[in-house]
Amino acid sequence: MYFIDWHNTIFYFEENSISYKKGTINVKKREIPFNKINTVDISQSMIQKLLDVYQIKIDTGSVIEEKSEIVLLLESSRASEIRNLLLEKNTDNIDEDTTNEYTLSSKDLLIYTLTSNVILSGMGIIFVIINFIDDYINEFLNINLIDRIIPSDNAVFKMVLIFILFVIFSIFIAIIRNYIKYDGFRVYIENDKLNIKYGMCNKKNYSFQRKKIKGIHIKQNFIMQKLNLRTIEVESIGYGDEEGEKAILYPICTEKLQKNIIEDLMPEFSFKGTINKPPKNSIFRFMIKKLIFAFIIICFLVYKFSYGYLSILLIPFVLVVGFLEYKNTAMGMSENLVYMCCNGFNRNQSIIKMSAVQSFEVSETYFQKLKGLSNYKINIFGNQFGNSIKVCNLSYRFYEKLAVDKFM
């Protein structure tokens, strides 16, 4: 069936568009104007590398399509030719050499692995391996490998040592995964197209129009916040919409490098407006719901278990989370951009083009209204249909001064 579909796939170029037909019984036809193409993605898996073929995916700015509009499997030489032709047709007579290029070093990849959440995925792999050993190897060989590896009768010592080995192997696996995934990472501008390349086994090569990028997201988990590191992602349809894939612009950088990358590659997202923070009287609003929820859990655990009183340690944790959300919350607007920052342990700063904002919402509860506070939410069309960003407990005066002029 796959061979028949491949054999019946036809594509050809017209003066201003590419036409595509696929299928035998259910025939699918599509024509995409060159100026509507948003992303051209060339990738090559290990099997495709052995066959010397590449997969090309072509996406427009359509948020209705859940998958790429056109997917082609071509010989390597033909794939490069088609990609260059699409990019040339999609360029508004711009003759621009490659500008500043940013590459990721082995040291950067190591720091990214140690500070990001990918170590958790490594723990998941180790957990699967341990279950496999317990269910099959031990039963088949009629031996306990854990006891053979750690010959100790001290249960506490054995548990601590297993945990340490568990973490070490998880980090090791995460490092290998990231080195394979992001090997040779480079991002640069060429002919007004943003190009991102990376991958050792599964090679990725994304090219898309810079003017069609809707926004950028600067993400920091708790460790990154403390070390002043961040990951930069872009909001562009067709990039980061695959399973397990992120719309990475640059995996790990300092605040200074972040500013340089934005200034050199996408200066249109350099936010210069005023940033508004929540008033001091709003800090309790970031904690009250979490405290109520924690109190319910504590009461249940105290009632159900003899050591349930230890759950009272949830209270300082909840207070820290609430304080981080208060500290990280911010919003601002300039002539062409919206800046929004939210979340506690996983801080997310978003800079979105005003033209990409589909709607703007302001809401408040009765108790917020008494304190002059409001929640602000913008809806945009991005990698996920109806993607939205929300910040809470900002002053209502911010809406009166800025939002009415921008959106109403």
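Criteria and thresholds
Within each chain, residues carry numbers counting from 1 in the order of the written sequence. Reporting in this predicted model follows two pLDDT cut-offs: at least 70 for local features of residues, and 80 or more for side-chain atom pairs to be given and counted; totals over whole chains, interfaces and linings ignore these cut-offs and use all residues. The side-chain values count all of the structure's non-hydrogen atoms but skip hydrogen atoms and water molecules. For two strands to count as paired, DSSP must find a minimum of two bridges between them. Each helix is a run of DSSP H or I of at least 4 residues and each strand a run of E of at least 2, with the numbering of both proceeding from the N terminus. For helices, the fitted line uses only the C-alpha atoms of the stretch in contact; every axis is such a line through C-alpha atoms, and the angle between N-to-C directions lies from 0 to 180 degrees. The term polar contact refers here to a pair of N or O atoms within 3.5 Å; inside protein, the definition further demands a hydrogen-donor-capable atom paired with an acceptor-capable atom, and it admits residues adjacent in sequence only when both atoms are side-chain atoms. Contacts between residues were defined by any pair of non-hydrogen atoms, one from each residue, lying within 4.5 Å. Any carboxyl oxygen of Asp or Glu that lies within 4 Å of a side-chain nitrogen of Lys or Arg is treated as forming a salt bridge with it. Burial classification: accessible surface area is computed with a 1.4 Å probe over protein chains only, and a residue below 20% of its type maximum counts as buried, one above 50% as exposed, and the rest as partly exposed. To pair, rings of Phe, Tyr and Trp, with the six-membered ring standing in for Trp, must have centres within 6.5 Å; the planes then decide the type, stacked if under 30 degrees apart, edge-to-face if over 60, and tilted in the middle.

Caption draft 1: Expanded view of the sheet that holds strand S12 (residues 229-235). Overall, antiparallel pairing links the seven strands, which are arranged S13-S12-S11-S17-S16-S15-S14 in an open sheet. Every interior strand has two partners, whereas the edge strands, strand S13 (248-254) and strand S14 (275-276), have only one. Relative to strand S17 (residues 347-353), strand S16 (residues 337-342) runs antiparallel, the two being bridged by six bridges. Across the sheet, the residue bridging to valine 338 is isoleucine 352, located in S17.

Caption draft 2: Representation of the sheet that holds strand S3 (residues 28-33) within the structure. If you walk across this open sheet you meet the three strands as S1-S2-S3, and the pairing is antiparallel. Two strands lie at the open edges of the sheet, namely strand S1 (10-13) and S3, each paired on one side alone. Taken over all neighbouring pairs, the strand axes of this sheet differ in orientation by 10° on average, direction set aside. Taken together, the four bridges between S1 and strand S2 (residues 17-22) define a ladder with antiparallel strand orientation. Residue pairing for S2: isoleucine 10 is matched across the bridge by lysine 21.

Caption draft 3: Main features of the side chain of glutamine 220. Note on placement: glutamine 220 falls in strand S11 (residues 215-220). A polar side-chain atom of glutamine 220 sits 3.0 Å from the main-chain carbonyl oxygen of leucine 229. Once you skip the residues sitting within four places of it in the chain, glutamine 220 turns out to touch Gln225, Leu229, Arg230, Phe345, Asn346, Arg347 and Gln349.

Caption draft 4: Spatial organisation of the pattern of salt bridges. Using the criterion set out here, one finds seven salt bridges in the structure. Where lysine 272 meets glutamate 263, a salt bridge forms, and the shortest distance between an N and an O atom there is 3.5 Å. Take lysine 272: its relative accessible area is 67%, and that puts it in the exposed class. Using a relative accessible area of 37% as the deciding quantity, one classes glutamate 263 as partly exposed. One salt bridge connects lysine 290 with glutamate 325, and the closest N-O pair in it is separated by 2.9 Å. Note that lysine 290 is positioned in helix H10 (residues 288-304) and glutamate 325 in helix H11 (residues 314-328), a separation of 35 residues in sequence.

Caption draft 5: Broad picture of the packing of aromatic side chains. Under the definition given, this model contains 13 aromatic pairs. Taking 6.4 Å as the distance between ring centres and 40° as the angle between the ring planes, the aromatic pair formed by tyrosine 307 and tyrosine 309 counts as tilted. Look at tyrosine 309 and you get partly exposed, because its relative accessible area is 48%. Look at phenylalanine 317 and phenylalanine 345: their rings are 5.7 Å apart centre to centre, the planes differ by 15°, and that puts the pair in the stacked class.

Caption draft 6: Quick peek at the environment of aspartate 192. Mapped onto the elements, aspartate 192 comes out in the loop between strand S8 (186-190) and strand S9 (193-198). When the C-alpha positions of aspartate 192 and lysine 211 are compared, they lie 8.3 Å apart, and in sequence the two are 19 residues distant.

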